[in-house]
Amino acid sequence: MSSTRKKNLIRAIGVGLVLAAIGAITWYALHPTPRSPEDIRRQVSFTILAPGNKDIVLSDWQYNVAEKTLTYTATLQSKKVIITQSTAPLAYKDDRAAYDRFIGSLKPFAVFMSPLGNVSVIHMLKEENYAPGGDSALLLAKDTLLIAHPPQTITEDDWLTLFSTMRAE
């Protein structure tokens, strides 16, 4: 083989390795590792939604088979938020307008965009005496209804941080 062909072959191999590395990095960036436990993912029949931000610690994963609900705790800056998810009710799966009417009836005090859609923050009331029960956020994305409820009040910035990297797993 001539020296010119050798140089061209070495250059082609180098270019191929660079392209392969760029492809691998791109694939990894577009397909991040799931944050939910594998045993939970095997049990759940709906799309799991979780924040991609690694600064938000996810813990206490539980799937209630009887109720078909997934619950986990998201902790951001030492503030806990209980996340509950289930299959979206049939009435909302195919009719976004019905969901929007439902959310409107809850009179959200804040609505903002997340990567998966609109998040509505509402004031909750206790069923037995209609006393204030804190705030909760609702998100309908993919085939999943997500409700996030902090045991203690959190700020608007905390809500934005929690939902700004929300993704489907």
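Further up the page is the structure itself.
This write-up is about the structure you can find in this document. (Residues numbered from 1 in each chain as written. Predicted model: local features only at pLDDT ≥ 70, side-chain atom pairs only at ≥ 80, totals over all residues. Heavy atoms only, no water.)

1. Comments concerning a nonpolar patch on the surface
Cut-off, in case you're wondering: Residues qualify for a patch when their relative accessible area is over 30% and they have no salt bridge, like charges being joined within 9 Å and the nonpolar side chains of Val, Leu, Ile, Met, Phe, Trp and Tyr within 5 Å. Computed by Shrake-Rupley with a 1.4 Å probe, the accessible areas treat only the displayed protein chains as cover when residues are assessed. Think of a salt bridge as a Lys or Arg side-chain nitrogen and an Asp or Glu carboxyl oxygen that are within 4 Å of each other. For the purposes of this entry, the term helix denotes a DSSP run of H or I that reaches at least four residues, the term strand denotes a run of E that reaches at least two, and both are numbered from the N terminus.
Taken together, the side chains of Met1, Leu9, Ile13 and Leu17 make up a nonpolar region of the molecular surface, amounting to roughly 460 Å² of accessible area. Tracing the chain through its elements places leucine 9 in helix 1 (residues 3–30).

2. So, helix 5 (residues 156–164)
The following threshold applies: Remark: exposure states derive from per-residue accessible area (1.4 Å probe, protein chains only) relative to the maximum for the residue type, with buried under 20%, exposed over 50%, and partly exposed in between. As used here, the arc belongs to the directions running from the helix axis to the C-beta atoms.
Taken residue by residue, helix 5 has Asp158, Trp159, Leu162 and Phe163 as its buried positions. What you see down the axis of helix 5 is that its buried residues fit within an arc of 120°, all on one side. Of the exposed residues in helix 5, the ones pointing more than 90 degrees away from its buried face are Glu156 and Asp157.

3. Things to note about the pairing of strand 6 (residues 117–125)
Rules: Strand pairing is assigned whenever DSSP detects at least two bridges linking the two strands.
Across five bridges, the pairing between strand 5 (residues 110–114) and strand 6 is antiparallel. From the neighbouring strand, alanine 110 faces strand 6, where its bridge partner is valine 121. Hairpin remark: strand 5 followed by strand 6, antiparallel, with two residues in the connecting loop. Two elements, strand 6 and strand 7 (residues 132–141), share six bridges in a ladder whose sense is antiparallel. Note on strand 7: the bridge partner recorded for valine 119 is leucine 139.

4. Thoughts on unusual backbone geometry
Even without a glycine there, the phi angle at serine 78 is positive, about 65°. Positive phi, close to 55°, is recorded for lysine 142, a residue that is not glycine. Take lysine 142: it is sitting in the loop between strand 7 and strand 8 (144–149).

5. Re the nonpolar core
Spelled out, the test is: Working definition of a nonpolar core: buried Ala, Val, Leu, Ile, Met, Phe, Trp, Tyr and Cys residues. They are joined through side-chain atoms within 4.5 Å. Here a residue-residue contact requires only that any non-hydrogen atoms of the pair lie within 4.5 Å.
Counting residues in hydrophobic clusters, the biggest one holds 30 residues, and the most contacted among them are Ile83, Leu139, Leu146, Ala148, Trp159, Leu162 and Phe163. For this core, the element with the most residues is strand 3 (residues 69–76), which contributes four residues. Apart from the residues lying within four places of it in its own chain, the contact partners of leucine 139 are Leu49, Tyr99, Ser114, Leu116, Gly117, Asn118, Val119, Thr144, Leu145, Leu146, Phe163 and Met166. Ala88, Tyr92, Tyr99 and Leu145 belong to the second-largest nonpolar core, a separate cluster that totals nine residues.

So yeah, pure geometry; function would need other evidence.
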